[in-house]
Structure formats: C-alpha cells, structure tokens
Amino acid sequence: MEPIASTLPGQAEMNVLQPISVQDGRVILIDQRQLPEKLEYFDATELSQMVFAIKEMVVRGAPAIGVAAAIGLAARAIQLAPECADTAEFIAQLKIAKNTLQDSRPTAVNLRWATEQVFALACSQPASAASVIANDMMKFAQNLIDDDIRINRSIGDNGAALLNDCLSVLTHCNAGALATCGWGTALGVIRSAVENGVKLTVYVDETRPRQQGARLTVWELQRDGITPTLITDSMAGYMMAKGKVDAVIVGADRIARNGDAANKIGTYSLAVLARAHEIPFYVAAPISTIDPLIATGAEIPIEERDPDEVLVISGQRIAAEGTRVENPAFDVTPAHLITAVITENGVLRAPYVKSITEALES
Ligand code: MRU
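Residues numbered from 1 in each chain as written. Predicted model: local features only at pLDDT ≥ 70, side-chain atom pairs only at ≥ 80, totals over all residues. Heavy atoms only, no water.

### Overview of the overall build of the chain
Phase 1: Helix and strand counts for the chain stand at 11 helices and 15 strands.
Phase 2: Relative to a compact globule of 362 residues, whose C-alpha radius of gyration would be 21 Å, the chain shows 20 Å and is just as compact.
Phase 3: Here the C-alpha coordinates of the chain stretch approximately 65 × 50 × 45 Å along the principal axes.
Phase 4: Per-residue burial over the chain gives 55% buried out of 362 residues.
Phase 5: If you take every contact in the chain between residues at least 6 apart in sequence, the share linking residues at least 24 apart comes to 74%.
Phase 6: For the chain, the exposed surface amounts to about 15000 Å²; the carbon and sulfur share of it is 52%.
Phase 7: Taken together, the 30 basic and 43 acidic charged side chains of the chain have centroids lying 3 Å from each other. (Helix = DSSP H or I, 4+ residues; strand = E, 2+ residues; numbered from the N terminus. Rg over C-alpha atoms; globule rule 2.2 N^0.38 Å. Buried < 20%, exposed > 50% of the residue type's maximum accessible area, 1.4 Å probe, protein only. Contact = heavy atoms within 4.5 Å. Areas by Shrake-Rupley, 256 points an atom, 1.4 Å probe, with all protein chains shown as cover. Lys, Arg positive; Asp, Glu negative; His and termini not counted. Charge placed at Lys NZ, Arg CZ, Asp CG, Glu CD.)

### Topic: the environment of P82
Phase 1: As for its placement among the helices and strands, P82 is situated in the loop between helix 2 (62-80) and helix 3 (87-102).
Phase 2: Judged by its relative accessible area of 70%, P82 is exposed.
Phase 3: Separated by 114 residues in the primary sequence, P82 and N196 have C-alpha atoms spaced 51 Å apart.

### Some thoughts on unusual backbone geometry
Phase 1: Residue P36 follows L35 across a cis peptide bond; omega there is 5°.
Phase 2: Put simply, A350 and P351 share a cis peptide bond, and its omega is 0°.
Phase 3: On the secondary structure map, P351 appears in the loop between strand 15 (346-348) and helix 11 (352-361).
Phase 4: Even without glycine at this site, E278 takes up a positive phi of about 55°.
Phase 5: Take E278: it is sitting in the loop between helix 9 (267-276) and strand 10 (281-284).

### With respect to the site of the ligand
Phase 1: Residues in contact with the ligand amount to 19 residues; listed here are only the nearest, R60, A62, R105, N263 and K264.
Phase 2: Interatomic distance of 2.8 Å between a side-chain N/O atom of R105 and an oxygen atom of the ligand.
Phase 3: Contact with the protein chains covers 99% of the free accessible surface of the ligand, which is 420 Å².
Phase 4: For the shell around the ligand, the per-class residue count stands at eight nonpolar, seven polar and four charged.
Phase 5: In this structure, the shell around the ligand is formed jointly by two domains, domain 1 (20-151) and domain 2 (158-361), each of which donates at least three residues. (Near = heavy atom within 4 Å. Polar contact = N/O pair within 3.5 Å; in protein donor to acceptor, adjacent residues only side chain to side chain. Nonpolar A, V, L, I, M, F, W, Y, C, P; charged D, E, K, R; others polar. Domains from an automatic or database assignment.)

Below is the structure:
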C-alpha cells in the first residue's frame, strides 16, 4: 500500500507532529516507514489499510497503535452503519473488526484497551440507530488523541524532577511523539526536563533491527532543537562504564501487575547494564499500558517478526543463505531492575504490586 501526499494542507509550516489525525473523514497517519528521509502520510481509512499500517509499522508505539486502532474501528463503524439491517448485525460486524485490529500486533496492551472502549460504547446503546452509534464512536475515538497528549504531559511533569541532577540520559527505541499522539512518554520526560532548563546530553540507542532510535528518535529530537548523540546498541555498556550515562529512560508496551515491563528488544539488556553500573532505570508509560489481567511478565505475548528484519539491511542481505534467525520484537524487564515507573498518576516504586494496584484504582 502506497503513502499519500508528502504534506497535508496547513501542515507544511507546522513543527507539530500529528502521527494520527482525522481529516475530512479520512484517517491519516504519518508513514513512519519513510522517516527520516521523507515526511509522508498514509490513508488508513479502510479497515484493511489500518490493519496493514499497524502490522507493517506505518504507525507504531504502544499508545499510538491503540488510538489508531480505536479510530480505525470508528471509521469501520461509519462504513458499516448504512449496510447493516439492524443494530445487532452492526454490533456483530464491529466485533469482527475489533478482533482483527486486536490481532494485528500482540504485545502492546493499548491496542486492546482502546478498541475495547470504543466497542463498549457501541454496545452500550442497543436502542440507537447504527449511524448515531458510529458518529459517537468517532467522537470518542478522536478525543483519545487529546487525552493521550494530556497524559503524556503529566508523565513528563512527573518524571522531569527525576532528571534534575542528571547531565546525561540514555533512551532506547522511540517512545516519543511518533509513538503516541504527541509529546511522548520517555521522550516526553526528556522534553519536560529540557523545558524546565535541565541541560541534558541525550544518548539514543540505534535499536536494531528496525532502528527506531536512529531513524525516529534522533529526527524527533532534532526537530525540537535537542541534539542527541546516536550510539549502536552494543555501545551502551561502554558508555555506562565510562560514566557517560546518569540515567536510562524507556517506554513500555505492557506492564504486568507486579511491575515486569515489556518494551522494545534490547531494553532488558540495558536494565541489567544499568543495575551493574548503579544507574537508575526508569520506565515511562500511561496507566493504560498496565495490563490488570496479568500477574507477571511471563504472561506477556512477545511478537516474533519477519527474519528479513535481521537478515537484510537497506535492501542488502548481510548473512549467508540458510541462516537461521530469531527476531523477538520485545523483551521483558523484571520489576526488580526498574527504579521507578513514571505514570500520569505519579511515580510508582517497589513494591509494585502495591503501587500499581493503587495507581489503577486512583
Ligand atoms: O515495535 P515498536 O516500534 O512499536 O515498539 C515501540 C516500543 O517498544 C516503545 O518503546 C513502546 O511502545 C512505548 S511508546 C511510548
């Protein structure tokens, strides 16, 4: 599926990133596969386009895929409304669409969280016409964009104080504006700290194999006037040993009730290194990334992606024919390696079973 125009009306002169938007009834995503070379947009109004966009990482990052899927489900509702004989058939069709969206990527719980909310709204008004329900769903789903930005700002405010005494911070993957609806979680904390006047050197891990750090995080921070320093994943230990990293901060795709946190592959290695060098290791995430249904990280499904992501770099095959590959897209950092989980409801610390339960209830 092809990207659409490189700029949208009114956006050329704006520095604000809108990874997900609805314009004239079309669902428009920044095509993150094209960055940093090109800022292009992808029309994901059709359900098949949205499923493709999530699977192929046109849109990516836990909060972003949740909101995109919720808007995708609402767009599907608007298409279905005139085609269904009655509300029961409409709800049955919506359920199929919701399940298809939820199956598109398995690890980030935000996908389930957001689509279940939009679906529950539809189920809560059985006496209404399908067209009325569909419009309500779209309004609700679009509001998730502003909610997400507000939540990220609170995460940023809550986390920034933790970086007051830091000269440098290391982040992994992309947990920024592109991975959310704007501002970001881990990058949001960095942005808020910089906004507060903290002078930070920001190290960015390349993040093999999809290079979200090199391609997306560097690009995002540079647009903000924050000049990051890019390193390969294998350099992190050396930089810590040299005393160049004062804190590590990452996002999360799913957090268990005991505080175990799934995030981009390589996060666990960083947490082990941070502990060995007595450096604080922070996870920044919205409460919606906590999965109340699972007790420990062992229950988090880990996505296995195409071997070619490992075997091929910039179109060039790097290993012999017949090479066996494993390509888990995420790993789980055990709670005992996490100094704190920064949420919009405050900074959570061990024992996480207690602090997470309280945060879920607040
Ligand atoms: O495979 P991706 O790029 O979707 O993985 C993204 C991450 O692991 C992020 O760190 C996580 O989703 C948090 S984004 C605020």
